[in-house]
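# Report on the structure
One letter stands for each residue in the lines below.
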Amino acid sequence: MQNDDVIEMKNITKRYPGVAALDNIQLQVKRGEVHALLGENGAGKSTLIKILAGAIHPDEGEIWIEGKAYSHLEPRLAMELGIGVIYQEFNLISYLTVANNIFLGNEPVKRGTIDEKTCYEECLKVFERLGLKLDPKAQVKTLSVAYQQLVEIAKAVSKNAKVLIMDEPTAALSGKEVDMLLDLVRKLREEGISIIYISHRLEELFEVADRVTVMRDGQYIETLDIEDCTRQKLISRMVGRKMGENYPQGKYGTEEVVLEARHLTNEKIQDISFQLHRGEILGLGGLVGAGRTETARAIFGADKALGEIYLEGKQVSIQRPGDAVKNGIAFITEDRKQQGLLMKLSIRENISISFLSRLRKGGVSLDLKRERELAEEYRSQLNIKTPSIEQLVSNLSGGNQQKVVLAKWLLTNSKVIIFDEPTRGIDVGVKFEIYQIMRDLAKQGISIIMISSDMPELLGVSDRILVMKEGKIVGELTGDEIRQENVMQYAVAD
């Protein structure tokens, strides 16, 4: 192993009954580099980092840490060797202070009790080293997701981490928060800490990564210098084929107005008025906090608002989400796990839950045969990858969970579907499937409102874009006007 290599994983193989999760995987991480680990859901990334963290043991292969070989690691040994992992689900105790979380299990002790003064002082030293402004005495539960993420990083650094694994660290962060995290990643690299960076957001990799290792279906594909990569090259390596055009082509919007909002106003939005045409994909652009989701919630009846809503020329009263559903409006929220799905129920049950009233026989029992038929129909139609419709949705990838949410709403025969961040946390290959589904829905005459913070997605999918700022619509873009510089000009204009 070369002197500048801090980690080398050789021929790592992990088998489960009927499937090889990892097959002869190679990973080489240099000291003080940001090494991106890239692949679709199911590529084996999570299994690989769990092996490196000692959470599971490989069946074959070697793990070299600073020149010493191991057949496998245990969690404590991995920590002692300087390997820290920040998972998507944080490992923090919400009611404890920031300082207590950072030194949990490694607290300074004085006369048999935790030395709180030293704990806070040492915490401040870590923050100063990282350039962070955080109150060590604040309870973790009072912090935003972004700052909880920083606490996790500080905790790992306090334990003298030499390698820090970040699993989708920006998935739940806003634009400014993402910038803050990426700046910290650069600072850690300057200190000589190696970062294994996992993200579906390719633009982040071009900002901070030095090299990228691509995995596909549990196999090692290639390691590339980021300077030799293009977005298209990475995508083709991930999915094993050339994607061609990034976004499905074809516009199906007509002159017919399906939905019209007039002067919608509440605490977060001001005088929102616009029209949505049949078969149109209308994008809502703007910075985080511009009022895009709040506009969608007002239309859907999730938030109260003054103003008027018209559907197909007729004014409708939408006081609650049930009113919106009855009038043919569906809302696919950005938080599919908390608000879109019942994670402990099966695919079949999640798909049919919006249709139960029409599945009843004799007013009491359900037509289970019809329920299964409908679930199977949408599983096939939307290409939901699962061995059975009886599988729990919690076991599905993010992209397939999103398809289940969509299937649920399609059963209601919606005329208007609102997509809020439709591909957040979804791998590239499935993103294109979601885009194609949206375009197919538009072709069928269904009208779509899409909220997206992913600029290429917003530009590539939308037929027309309304740009919002501070709760107001400040610009409209059509045709050749749909360009990033125009969106940003409206979004940040004084």
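Each remark here, short or long, concerns the structure printed above.
Thresholds, definitions, all that
Residues numbered from 1 in each chain as written. Predicted model: local features only at pLDDT ≥ 70, side-chain atom pairs only at ≥ 80, totals over all residues. Heavy atoms only, no water. Helix = DSSP H or I, 4+ residues; strand = E, 2+ residues; numbered from the N terminus. Rg over C-alpha atoms; globule rule 2.2 N^0.38 Å. Buried < 20%, exposed > 50% of the residue type's maximum accessible area, 1.4 Å probe, protein only. 1 Å grid on protein atoms, 1.4 Å probe; cavity = no way out; pocket = protein on both sides within 12 Å on 5 of 7 lines; lining within 4 Å. Points joined across faces, edges and corners; volume = space filled by probe spheres on them. Nonpolar A, V, L, I, M, F, W, Y, C, P; charged D, E, K, R; others polar. Polar contact = N/O pair within 3.5 Å; in protein donor to acceptor, adjacent residues only side chain to side chain. Contact = heavy atoms within 4.5 Å. Arc of directions from axis to C-beta. Pairing = 2+ DSSP bridges. Axes fitted to C-alpha atoms, helices over the stretch in contact; angles between N-to-C directions. Core = buried A, V, L, I, M, F, W, Y, C linked by side-chain atoms within 4.5 Å. Parallel < 35°, antiparallel > 145°, perpendicular 65-115°, else oblique.

## A word on the overall build of the protein
Looking only at helices and strands, the protein has 17 helices and 24 strands in total. Over its C-alpha trace the protein gives a radius of gyration of 25 Å, about what one expects of a compact globule, namely 23 Å for 494 residues. Judged by the C-alpha coordinates and their principal axes, the protein covers about 70 × 55 × 50 Å. Looking at the protein as a whole, 51% of its 494 residues qualify as buried.

## Some words on the layout of surface pockets
The calculated volume of the second largest pocket comes to roughly 460 Å³. Of all elements in the fold, only α2 (75-80), β6 (83-86) and α5 (145-158) reach the threshold of two or more residues within the lining of the second largest pocket. For the lining of the second largest pocket, the element with the highest residue contribution is β6, accounting for 4 residues. Taken together, the residues of the lining of the second largest pocket sort by class into 13 nonpolar, 4 polar and 4 charged.

## Let's talk about the side chain of Thr 170
Note on placement: Thr 170 falls in the loop between β9 (163-167) and α6 (175-190). Engagement of the side chain of Thr 170 in a polar contact is seen with the side chain of Glu 204, the distance being 2.5 Å. In contact with Thr 170, not counting residues within four places along its chain, are Val 178, Leu 181, Tyr 197, Ser 199, Arg 201 and Glu 204.

## Structural notes on helix α17 (residues 484-492)
Of all the residues in α17, the buried ones are Asn 486, Val 487 and Ala 491. Angularly, the buried residues of α17 cover 130 degrees about the axis, an arc narrow enough to put them on a single face.

## With respect to the sheet that holds strand β16 (residues 306-311)
Each strand in a sheet pairs with another by means of backbone hydrogen bonds, the pair being arranged parallel or else antiparallel. The antiparallel open sheet is built from 4 strands, whose spatial order is β14-β13-β16-β17. Bordering the open sheet on either side are β14 (272-277) and β17 (314-316), each of which pairs with just one other strand. On average, each strand axis in the sheet is inclined to that of its neighbour by 20 degrees, with strand direction left out of account. Sheet topology places strand β13 (residues 257-265) next to β16; 5 bridges connect them, and they run antiparallel. Bridged to Glu 260 within β16 is Tyr 310.

## Let's talk about the nonpolar core
Ile 153, Leu 188 and Ile 329 are the most contacted members of the largest nonpolar core, which totals 127 residues. Here Ile 329 is in contact with Leu 259, Ile 299, Phe 300, Leu 311, Ile 318, Ala 324, Trp 409, Ser 414, Val 416 and Ile 418, once residues within four sequence places are set aside. Counting residues in hydrophobic clusters, the runner-up holds 26 residues, among them Ile 7, Met 9, Ala 43 and Leu 52.

## Points about the environment of Cys 229
Positionally, Cys 229 belongs in the loop between β12 (219-225) and α8 (231-239). Separated by 53 residues in the primary sequence, Cys 229 and Lys 176 have C-alpha atoms spaced 26 Å apart.

## Examining the environment of Ser 194
With respect to the helices, strands and loops of the structure, Ser 194 is situated in strand β10 (residues 194-198). Given the relative accessible area of 0%, Ser 194 is considered buried. Separated by 32 residues in sequence, Ser 194 and Lys 162 place their C-alpha atoms 6.2 Å apart. Each residue touching Ser 194, except ones within four places of it in the same chain, is listed here: Val 6, Val 29, Lys 30, Arg 31, Gly 32, Glu 33, Lys 162, Val 163 and Leu 164. Separated by 3.0 Å, the side chain of Ser 194 and the backbone nitrogen of Gly 32 make a polar contact.

## Some words on the packing of α5 against α6
Following both chains from N to C, one finds α5 and α6 inclined at 10 degrees, their axes separated by 10 Å at the closest point. With respect to their mutual orientation, α5 and α6 come out roughly parallel. The residues of α6 that touch α5, namely those facing Ala 146, Tyr 147, Gln 149, Leu 150, Ile 153 and Val 157, are Glu 177, Met 180, Leu 181, Leu 184 and Leu 188. Of the residues in the contact of α5 with α6, the class split is 9 nonpolar, 1 polar and 1 charged.

## Some remarks on the sheet that holds strand β21 (residues 416-420)
Read from one edge of the open sheet, 6 strands run β18-β21-β22-β15-β23-β24, paired in mixed fashion. Only two strands of the sheet have a single partner each, and these edge strands are β18 (329-332) and β24 (472-478). Across the sheet, the mean angle separating the axes of adjacent strands is 20 degrees when strand polarity is ignored. Pairing between strand β15 (residues 281-285) and strand β23 (residues 464-469): 4 bridges, direction parallel. The residue of β23 that forms the bridge with Leu 282 is Arg 464. Packing of α17 onto the sheet brings it into contact with β23 and β24, and relative to β23 it is tilted by some 25 degrees.

## Details of the pairing of β9
Burial of β9 is extensive: 5 of the 5 residues sit out of reach of the surface. Going residue by residue along β9, you find Val 163, Ile 165 and Asp 167 tucked away on one face and Leu 164 and Met 166 tucked away on the opposite face as well. Across 4 bridges, β6 lies against β9 in parallel orientation. Residue pairing across strands places Ile 83 opposite Val 163, the latter belonging to β9. Judged from the 5 bridges that link them, β9 and β10 form a sheet pairing that is parallel. Its bridge partner being in β10, Leu 164 is matched across the sheet by Ile 195.

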